[in-house]
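Structural description and commentary
Chain by chain, the residues run as shown.
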Amino acid sequence: MIGNNLGLIELLLSGALGIGFCLYQYVAISRDIARSKRERAEDGQSAGGAGHAEGEHRLDDR
């Protein structure tokens, strides 16, 4: 009886491992992005800026 369901069991376990790894990566990257934004804010750089030095480009002088 269990021999008939081994394929389904393997599929469920593999899928659970795959989804778990994807969720782990999503959380890790989200934390890294938040940490980068926080560090950038502490350094005084704007989150949307290109990170160029003051006055390096004409558009910065506006």
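Our structure is the block above this text.
What you see is a predicted model, and the numbers here were worked out from it, not measured in a lab.

Below, the discussion takes up the overall build of the protein. On a plain count of helices and strands, the protein comes out with 1 helix and 0 strands. Split into buried and exposed, the 62 residues of the protein put 0% on the buried side. Summed over its atoms, the accessible surface of the protein is roughly 5,900 Å², and 58% of this surface lies on carbon and sulfur atoms.

On the surface, a nonpolar cluster with roughly 400 Å² of combined accessible area is contributed by Ile2, Leu6, Ile9 and Leu13. Positionally, leucine 6 belongs in helix 1 (residues 6-43).

If you walk through the whole model with that rule in mind, you get 1 salt bridge. As a salt-bridge pair, aspartate 32 and arginine 35 come within 3.2 Å of each other at their nearest N and O atoms. With aspartate 32 and arginine 35 both in helix 1 and 3 residues apart, this pair spans about one turn of that helix. Taking the relative accessible area as the measure of exposure, aspartate 32 reaches 36% and is therefore partly exposed.

Cut-offs and rules
- Residues numbered from 1 in each chain as written.
- Predicted model: local features only at pLDDT ≥ 70, side-chain atom pairs only at ≥ 80, totals over all residues.
- Heavy atoms only, no water.
- Helix = DSSP H or I, 4+ residues; strand = E, 2+ residues; numbered from the N terminus.
- Buried < 20%, exposed > 50% of the residue type's maximum accessible area, 1.4 Å probe, protein only.
- Areas by Shrake-Rupley, 256 points an atom, 1.4 Å probe, with all protein chains shown as cover.
- Patch = residues over 30% accessible without salt bridge, like charges linked within 9 Å, V, L, I, M, F, W, Y side chains within 5 Å.
- Salt bridge = Lys/Arg side-chain N within 4 Å of Asp/Glu carboxyl O.

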